[in-house]
Amino acid sequence: MKNIVILISGRGSNMEAVVRALDAEQWPARIAAVISNKPEAKGLEFAQARGIPTAVVANKDFASRAEFDAALQETIDCFSPDLVVLAGFMRILTAPFVEHYAGRMLNIHPSLLPLFPGLGTHQQAIDAGVAEHGATVHFVTAELDHGPAVAQARVPVLPGDTEDTLAARVLIEEHKLYPTAVRLFVEDRLVIEDGNVRILDRAAEPTSI
Ligand code: GAR
């Protein structure tokens with residue numbers, strides 16, 4: 001049984017999609033906690049209603065990024081996570097924090113990385129005139145929105161799209177993509193090799209001595 005800690009900053013719809021899939025598909029995992037850096041994050045209400053432990057570590061209470069990340073790490077580690085899932089967690093993370101969770105922290109980003117890292121990805125895609133846009137789940141490394149990609153979902157960019165219509169189309173795919181990727185991790189089917197992710201057909205056999 002793997003322990004998953006999910007970090008959110010707001011609405012939490014991706015967190016909700018992961019929680020619902022875990023329950024419906026009976027993964028060998030539990031959501032140990034949902035933690036937010038914003039006390040007002042809407043997603044906390046959903047987690048609480050499901051009986052999931054929640055915590056707030058408010059970044060505004062800390063003088064520096066390093067102090068905030070240290071406090072966040074301490075809170076996360078109280079829940080003994082096998083996996084940390086960033087689900088709309090809108091913070092730039094320090095290198096020591098990222099290193100601490102190397103190989104066990106996933107993020108979802110609303111673009112076809114390496115295209116459009118950072119904020120405002122949907123408008124960036126429209127402005128660039130690309131025919132396709134989407135979302136990427138990747139392991140987190142110290143460089144923002146980089147790191148080995150686990151899976152991507154693609155949607156067309158349609159004539160007349162606004163940031164909102166495109167975001168809505170991408171979000172529908174995010175809600176399928178993120179549970180799929182998290183489930184692969186839970187099933188021990190993700191291997192990072194030379195900076196790339198290999199997906200195993202079935203869980204790796206324990207290595208014998
Ligand atoms: C999602 O679209 C997610 O991909 C994006 O924020 C939204 C959060 O929505 N994340 C990032 O931009 C991270 N760089 P949610 O709170 O409803 O899951």
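Conventions used here
- In every chain, residue numbers begin from 1 and rise along the written sequence.
- Only residues with pLDDT of 70 or above have their local features reported here, since the model is predicted, and side-chain atom pairs are shown and tallied only from 80 upward, although totals for entire chains, interfaces and linings are computed over all residues.
- Excluding hydrogens and water, the side-chain figures rest on all heavy atoms present in the structure.
- To qualify as a nonpolar core, a set must consist of buried Ala, Val, Leu, Ile, Met, Phe, Trp, Tyr and Cys residues joined through side-chain atoms within 4.5 Å.
- Think of it in three bands: residues with accessible area under 20% of the maximum for their type are buried, residues over 50% are exposed, and the middle band is partly exposed, with areas taken using a 1.4 Å probe on protein chains only.
- Secondary structure elements are defined from DSSP: runs of H or I of at least 4 residues count as helices, runs of E of at least 2 residues count as strands, and each element is numbered from the N terminus.
- Residues are treated as being in contact if the distance between any of their heavy atoms lies within 4.5 Å.
- Here, proximity means that at least one heavy atom of the residue falls within 4 Å of the molecule or strand.
- Any pair of nitrogen or oxygen atoms within 3.5 Å is treated as a polar contact; in protein, a donor-acceptor pairing is required on top of that, and neighbouring residues in sequence qualify only through side-chain atoms on both sides.
- Using a 1.4 Å probe, accessible areas were evaluated by the Shrake-Rupley method; residue-level cover was limited to the displayed protein chains.
- When we speak of the arc, we mean the arc of directions from the helix axis to the C-beta atoms.

With that out of the way, let us pick up the nonpolar core. Of all hydrophobic cores here, the largest spans 42 residues; its most connected members are Ile 4, Ile 6, Ile 31, Val 34, Leu 106, Tyr 178 and Val 182. Considering each element in turn, this core owes the most residues, nine residues, to helix 6 (residues 163–186). What Ile 4 contacts, discounting residues up to four positions off in sequence, is Leu 22, Ala 29, Arg 30, Ile 31, Ala 32, Ala 33, Leu 83, Val 85, Val 182 and Val 186. By size, the runner-up hydrophobic cluster in this structure holds 20 residues, among which are Leu 7, Ala 32, Met 105 and Val 140.

The immediate surroundings of the ligand are formed by Arg 11, Gly 12, Ser 13, Asn 14, Gly 88, Met 90, Ile 108, His 109, Pro 110, Leu 171 and Glu 174. Measuring from an oxygen atom of the ligand, one finds a backbone N or O atom of Gly 12 at 2.8 Å. Within the side chain of His 109, a nitrogen or oxygen atom sits 3.3 Å from a nitrogen atom of the ligand. Burial of the ligand by the surrounding chains reaches 87%, relative to a free accessible area of 450 Å². Contributing elements (two or more residues each) for the shell around the ligand: helix 1 (13–25), strand 5 (105–109) and helix 6.

Note the cis peptide between Leu 113 and Pro 114, where omega equals 15°. Looking at the secondary structure, you find Pro 114 in the loop between strand 5 and helix 5 (121–128). The phi torsion at Phe 116 lies on the positive side, around 55°, for a residue other than glycine. The backbone phi angle of Asp 188 is positive, close to 60°, even though this residue is not glycine. Mapped onto the fold, Asp 188 is located in the loop between helix 6 and strand 8 (190–193). A relative accessible area of 40% places Asp 188 in the partly exposed class.

Moving on to helix 5. Structural remark: α-helix, 3.6 residues per turn; residues separated by three or four positions point the same way. When we look at burial in helix 5, the residues that qualify are Thr 121, His 122 and Ala 125. Burial along helix 5 is one-sided: seen end-on, the buried residues are contained in an arc of 105°. Each element contacted by the buried residues of helix 5 is listed here: strand 5, strand 6 (132–139) and helix 6. Gly 129 sits one or two residues past helix 5 and shows a positive phi near 75°.

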